Amino acid sequence: MRRASGTENQKKREGRLAGKTVVENSFFGIHPLLASPKKFSKENLIRWIITATGWITVIILTLIMLLLFTEGLPIFSTTNPFSFIFTTDWYPVSDPPVFGILSFIVGSLMVTLTALVIAVPIGVAASAFLAEIATPTLREIIKPIIELLAGLPSIVLGFIGFLLLAPVVQNAFHLSTGLNGLTAGIMLAFICLPTIVSISEDSLSAVPKEYKEAAYALGATKWQTIRRVLIPAARSGIMASVMLGVGRAIGETMVVLMVAGGRLALPNFITDPLSAMTGRIAIEINNAVFGGLQYQALFAMGIVLFLMTLAVNIIADLVLEKQRRRYA
Amino acid sequence: MKRNLSILAIPLVIILLLTSCSSGPSTPTISPTSTSSSSPTATSSLSGTIVVKGSDTMVNLAGVWAETYQSKNPGVQITVSGGGSGIGIAALIDGTTDVCDNSRPWTQEEVDKAKIKGVNPVETKVALDGVAVVVNPQNPINELTLEQLAAIFVGNIVNWKELGGADAQIVVLSRDSNSGTHVFFKEHVLQAKDKKAEYGKQVQFLPTSQSIADEVARNPNAIGYYGMGYLSLEQKDVAIKKDSSSPAVKPSAQTVKDGTYPIARPLFCTTNGQPSGVIAEYLNWILGPEGQRIVGELEFVTIP
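Since this is a predicted model, take the numbers as computed values, not measurements. (Residues numbered from 1 in each chain as written. Chains lettered and ligands numbered in written order. Predicted model: local features only at pLDDT ≥ 70, side-chain atom pairs only at ≥ 80, totals over all residues. Heavy atoms only, no water.)

**Some remarks on the domain arrangement of chain B**
Residue and element names in this part refer to chain B. Put simply, the test is: Where each domain starts and ends comes from a domain assignment, either automatic or drawn from a database. In what follows, residue pairs with any heavy atoms lying within 4.5 Å of each other are defined as contacts. Two parts lose some accessible area (1.4 Å probe) when they are put together, and adding that loss for both gives the buried area. Throughout this description, the term salt bridge denotes a Lys or Arg side-chain nitrogen within 4 Å of a carboxyl oxygen of Asp or Glu. Here a polar contact is taken to be a pair of N or O atoms separated by no more than 3.5 Å, where protein atoms must pair a possible hydrogen donor with a possible acceptor and residues adjacent in sequence count only if both atoms sit in side chains. For helices the rule is a DSSP run of H or I covering at least 4 residues; for strands it is a run of E covering at least 2, with both sets numbered from the N terminus onward.
Taken domain by domain, chain B consists of domain 1 (15-129 + 267-297) and domain 2 (130-264). The partner domain 2 presents 13 residues to the 12 residues of domain 1 that form the contact. Sorting the residues of domain 1 by area buried against domain 2 places D56, R104 and D129 first, and these three jointly supply 50% of that buried surface. Linking domain 1 with domain 2 are one salt bridge, by the criterion used here. Between D56 and R175 there is a salt bridge; the shortest N-O distance is 3.2 Å. In this assembly, domain 1 and domain 2 are joined by two residue pairs in polar contact (both at pLDDT 80 or more). Here the element with the most residues in the side of domain 1 that touches domain 2 is helix α4 (residues 85-94); it accounts for three residues.

**Some thoughts on the interface of chain B and chain A**
To keep things clear, this is the line we draw: All residues other than Ala, Val, Leu, Ile, Met, Phe, Trp, Tyr, Cys, Pro, Asp, Glu, Lys and Arg, Gly among them, are scored as polar; the first ten of these are nonpolar and the last four charged.
Counting from both sides, the interface comprises 27 residues of chain B and, opposite them, 32 residues of chain A. Both faces considered, chain B and chain A share a buried interface measuring about 2,700 Å² in area, 53% of it formed by carbon and sulfur atoms. In terms of surface lost to chain A, no three residues of chain B exceed K201, Q204 and R218 of chain B, which account for 24% of the buried area on that side. For the pair chain B and chain A, the interface holds two salt bridges. Across the salt bridge formed by D89 of chain A and K201 of chain B, the nearest N and O atoms sit 2.9 Å from each other. Across the chain B-chain A interface, the total number found is 10 residue pairs in polar contact (both at pLDDT 80 or more). Sorting the residues of the side of chain B that touches chain A by element identifies α4, β7 (204-206) and α8 (209-218) of chain B as the ones contributing at least two each. The element best represented in the side of chain B that touches chain A is α8 of chain B, accounting for four residues. Of the residues belonging to the side of chain B that touches chain A, the class tally is nine nonpolar, 10 polar and eight charged.

**Examining the side chain of Q235 of chain B**
Residue and element names in this part refer to chain B. Rules: Exposure is judged per residue with a 1.4 Å probe applied to protein chains only, and the accessible area is read against the type maximum: over 50% gives exposed, under 20% gives buried, and values in between give partly exposed.
Tracing the backbone shows Q235 in the loop between β8 (222-227) and β9 (236-237). Given the relative accessible area of 6%, Q235 is considered buried. Of the polar contacts made by the side chain of Q235, one reaches the side chain of S232; its length is 3.1 Å. Among all residues touching Q235, those that are not within four sequence positions of it are V134, V135, P137, A213, V216, A217, Y226 and Y230.

**Concerning the confidence of the model for chain A**
Residues and elements named next belong to chain A. This is how the line gets drawn: Per-residue confidence from the predictor is given as pLDDT, running between 0 and 100.
Mean pLDDT for chain A: 85, with 87% of residues reaching 70 or above. Ranking the elements of chain A by mean pLDDT puts helix α1 (residues 2-17) last, at 45, and helix α5 (residues 102-133) first, at 94. Long-range and interchain partners of residues 1-26, a stretch whose pLDDT sits below 50, account for 20 contacts in this model, where long-range means more than four residues apart.

**Notes on the pairing of strand β2 (residues 76-81) of chain B**
Residues and elements named next belong to chain B. Applied cut-off: By definition, two strands form a pair when at least two bridges between them are found by DSSP. Seen with its strands pointing away from the viewer, a crossover is right-handed when the path leading from the first strand over the helix to the second is clockwise.
Direction of pairing for strand β1 (residues 48-54) relative to β2: parallel, over a ladder of six bridges. Bridged to T49 within β2 is Q77. One crossover worth recording links β1 to the parallel β2 by way of helix α3 (residues 59-72), and it is right-handed.

**Some words on unusual backbone geometry**
Even without a glycine there, the phi angle at H174 of chain A is positive, about 50°. Position of H174 of chain A relative to the elements: it lies in the loop between α7 (154-172) and α8 (181-205).

**Looking at the sheet that holds strand β11 (residues 248-249) of chain B**
Backbone-to-backbone hydrogen bonds pair the strands of a sheet. The strands run either parallel or antiparallel. All names here are of chain B. Note the threshold: Every angle, taken between N-to-C directions, lies between 0 and 180 degrees, and every axis is a line fitted to C-alpha atoms, over only the stretch in contact when it is a helix.
Ordered in space as β5-β10-β11, the three strands form an open sheet in which the pairing is mixed. Strands with a single pairing partner mark the edges of an open sheet, and in this sheet they are β5 (143-145) and β11. Taken together, the three bridges between β5 and strand β10 (residues 239-241) define a ladder with parallel strand orientation. Residue E143 lies in a different strand from β10, and its bridge partner there is A239. In the packing of helix α6 (residues 146-154) onto the sheet, the strands contacted are β5 and β10, and the crossing angle to β5 comes to about 85°.

Encoded structure:
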């Protein structure tokens, strides 16, 4: 940064000499405008507003994080962080209350993993179909429909899971109840499917057509081309779509609340009734006494959830960036 | 420039909408003359708004009360929402509701919390309710003692054959911790003998009474509980024995009122301080013959 500042200043000077303000090199973006109030034109006003909105987003996000941490961290003065994360007793309204969220972390991970096992093969196959096999007209029809699925309110999927899927799952696997992790996982697969299909399709379409032409020139069939050339070439984009799907599934609340069964014990199998972190927070935050221990514990659970989705999103970003650089 | 202005307009519109929503109902504009002509016998000169929040067990009852009362008194606007007794109590403490419906008494902790905020909760008993224990109609079990019931929900009895039923795992369904019924059932059934008893780990917590009713209706291994108002022919109510030597009693208006049904409770409307003005009129109407007739119609029990 220090080394670059000389050339930066030089660039700025050049910029001013040329009669325009160089914004992209200043840290806050507002600075050049303040430095030259005489150039307060319409152009500058718009630029200022846009910069401000950008910064407001960042500030709001920071404040949300700050709130999450200030409300959640105090729980660790009464419950030690290790037992909070690695024990399974959750009695928030007992006296004294006990907070251990391992069951819910495992529950969240189990339903998310189930959703992925179902959604990834279907999603990647569907995106290969859209990118390579479907005619352009068909693609123009199918892709928006799949993306429309993403807009389906999750409560509607919750109803479908509760009324239609739960009895089917119960009978198919001879379970004592149809409200369990598997039912929730299947419904979550529907939720992350559109993300996976849409982004995978984009990255498959972004593979340079020379790859495809070379494969066909070598006598490869369509299937061989898709499997051995296109999917490996687009794998980081497909990975990113999966990661974004994970983020979508792990944060989903309504579906798991309605169909996962709501048992507080550590689930042994995916066919056990279970609770996920999101559902617990949603159901309990309403009657938690403001600032009380249960309230703090729920915020702390929110922190854990936030860190998990943050990690997933960062990984997705890194993978996408890799893909972008490869075909830049 | 036009674009800019429209961007700025969005938050303005939102703010306007929000303020108009909150200020709208609080300034009723119905004149006394027009209301008196529509229903001359009722006390129709009343006007104002009442916000009612709380128990899911009571939400249907509160809804019918509000509708009937509003049709008699068009100047009064009553908004009813559920969520659980805990939610209603938290709302009364925070001052976001006028009346809190609670199906369990306030805890000392909640009263203290309210006093700190300058809220003085005054409970009015408005009806009685029996918590019905339900199983699937296919289940051969017809009666349980309180002790057996506690053992099922704590997790000491896990198979129906231990009670003389089929060889199948018991699917135990409970309301979630935001429900007054959850707390009432824990304190009156689970902790009847052992003050430290908790719901067992195999218990499934479902978000609403209706979802318990639906699951019991279709799952032959399920057992659940909820207020008597939710009973229907799709579930079988279990007769409860106080102990092994006492008679088995089914939940009904009669058995709740005469105290023979062991899992019964009072339902309350709580206000901040003694009710006054339109709220006092409303609560008096609820306690009067018309309000209590509705209590009976919705299969709750009128206060003696």
